[in-house]
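Descriptive analysis of the structure
Chain residues, written in single-letter form:
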Amino acid sequence: MSNAESDFPKIVTAGADAILVYLGEGIDPKVNDRVMALTTRVGESLGDKLYDLVPSYNSLMIYYNVLSLSEDELREQVRQIVDELAKNGVADSASAESTLHTIDVYYDSSVGPDIERAAKQTSLSIDDIIKMHTEQEYRVYAMGFAPGFAYLGELPEKLRLPRLDNPRTKIPAGSVAIAEAQTAVYPSPSPGGWNIIGRTAETLYDPKADNISPMKVGDRVQFKAVSKDEFEQAGGSLESLS
């Protein structure tokens, strides 16, 4: 174990009924695998004493029933589970249980108003941007910002752009965006400051469904370029951005 790894887990109080467990730093697929393995094991061990488990890039938020479990008891059990996972070497199996989602995207300036500027800033052609954005799988590192919004990483170095200086007031649902090391799809109309390069017709947020989003932390996403006709036939909207 490296010195950096030996610094973890770090466990901090996150409210009257929650703790936050850090297993590493930054965006790292191996750390995220450990987070997902910990999520599974904590859920199996303490299920009826928990309210919710919220995994993210390198951490796990644990909401618990204070009438069933003290914070000290929870911290001790979490440390025991982390030690057990490290000894058994099972953390990396988390990625094997993930689901691969393929998302069809219409890449065009009519629905991706930042794609031409992105090409200029990166010294790439629009075709190059599309190719680079679609040729790899992305990991779902976190869910947040808005229901169903999945933070996906990591983008190729050449595609990394800063967020907009002035966020837009309304971005249509299905807008596909890039910012810094990540990419994402806006699942519902919302404000936003990422660079929009295309749009999908797929529904990624359904408040009436048992699972409001088809994606979860640890899943994988592959984007696939489609034509305007294919996009519209699938129900895609050409609504402009505000």
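The sections below set out a description of the structure shown in this document. Owing to the predicted nature of the structure, the values given are computational and were not obtained by experimental measurement. (Residues numbered from 1 in each chain as written. Predicted model: local features only at pLDDT ≥ 70, side-chain atom pairs only at ≥ 80, totals over all residues. Heavy atoms only, no water.)

1. Re empty space enclosed by the protein
Per the counting criterion, the structure on display carries 1 cavity of 30 Å³ or more. The volume enclosed by the largest cavity comes to roughly 40 Å³. Lining the largest cavity, in full, are Ile103, Gly148, Ala150, Leu152, Val185, Leu204 and Met215. The class makeup of the residues in the lining of the largest cavity is 6 nonpolar, 1 polar and no charged. (1 Å grid on protein atoms, 1.4 Å probe; cavity = no way out; pocket = protein on both sides within 12 Å on 5 of 7 lines; lining within 4 Å. Points joined across faces, edges and corners; volume = space filled by probe spheres on them. Nonpolar A, V, L, I, M, F, W, Y, C, P; charged D, E, K, R; others polar.)

2. Observations concerning the nonpolar core
Ranked by internal contacts, the top residues of the largest apolar core, which has 25 residues, are Ile103, Tyr107, Ile129, Leu152, Met215, Val221 and Phe223. In terms of nonpolar packing, the next biggest core, distinct from the first, is built from 20 residues, Ala37, Leu60, Leu74 and Leu85 among them. (Core = buried A, V, L, I, M, F, W, Y, C linked by side-chain atoms within 4.5 Å. Buried < 20%, exposed > 50% of the residue type's maximum accessible area, 1.4 Å probe, protein only.)

3. Some thoughts on the packing of aromatic side chains
Tallying each qualifying case throughout the model produces 10 aromatic pairs. Relative to Tyr141, the ring of Tyr57 has its centre 5.8 Å away and its plane inclined at 15°; by these criteria the two rings are stacked. A residue pair is termed long-range when its members are at least 10 positions apart, and Tyr57 in the loop between strand E3 (50–55) and strand E4 (59–64) and Tyr141 in strand E6 (residues 137–143) qualify at 84 residues. Like Tyr57, the residue Tyr141 is buried in the burial classification. Here the aromatic cluster, defined as three or more aromatic residues joined through ring pairs, consists of Tyr57, Tyr141, Phe145, Phe149, Tyr151, Tyr186 and Trp194. The residue whose ring lies beneath Arg139 is Tyr141, and the NZ or CZ to ring-centre distance is 5.8 Å. (Phe/Tyr/Trp six-rings, centres within 6.5 Å; stacked < 30°, edge-to-face > 60°. Helix = DSSP H or I, 4+ residues; strand = E, 2+ residues; numbered from the N terminus. Lys NZ or Arg CZ within 6 Å of the ring centre and 35° of its normal.)

4. Focus on the pattern of salt bridges
Pairing between side chains of opposite charge can happen when their charged atoms approach one another. In the structure shown here, the tally under the stated rule is 13 salt bridges. Its salt-bridge partner being Asp33, residue Arg139 comes within 3.1 Å of it at the nearest N-O pair. Here the residue Arg139 occupies a position in strand E6, and Asp33 occupies one in helix H2 (residues 29–46), the gap between them amounting to 106 residues. In this pair, the class of Arg139 matches that of Asp33, namely buried. Between Lys170 and Glu239 there is a salt bridge, with the nearest N and O atoms lying 3.8 Å from each other. Of this pair, Lys170 sits in strand E8 (residues 168–171) while Glu239 sits in the segment after helix H6 (228–233); the two residues are 69 residues apart in sequence, bridging distant segments of the chain. Its relative accessible area of 36% is what places Lys170 among the partly exposed residues. Taken together, the shared-partner salt bridges connect Arg41, Glu44 and Glu84 into one network. (Salt bridge = Lys/Arg side-chain N within 4 Å of Asp/Glu carboxyl O.)

5. A look at the packing of helix H4 (residues 115–122) against helix H5 (residues 126–134)
Relative orientation of the contacting elements H4 and H5 amounts to 95°, with a least axis distance of 9 Å. Between H4 and H5, the crossing angle belongs to the class labelled roughly perpendicular. Along the contact surface, H4 presents Ile115, Glu116, Ala118, Ala119 and Thr122, while H5 presents Ile126, Ile129 and Ile130. Among the residues forming the contact of H4 with H5, the class breakdown is 6 nonpolar, 1 polar and 1 charged. (Axes fitted to C-alpha atoms, helices over the stretch in contact; angles between N-to-C directions. Parallel < 35°, antiparallel > 145°, perpendicular 65-115°, else oblique. Contact = heavy atoms within 4.5 Å.)

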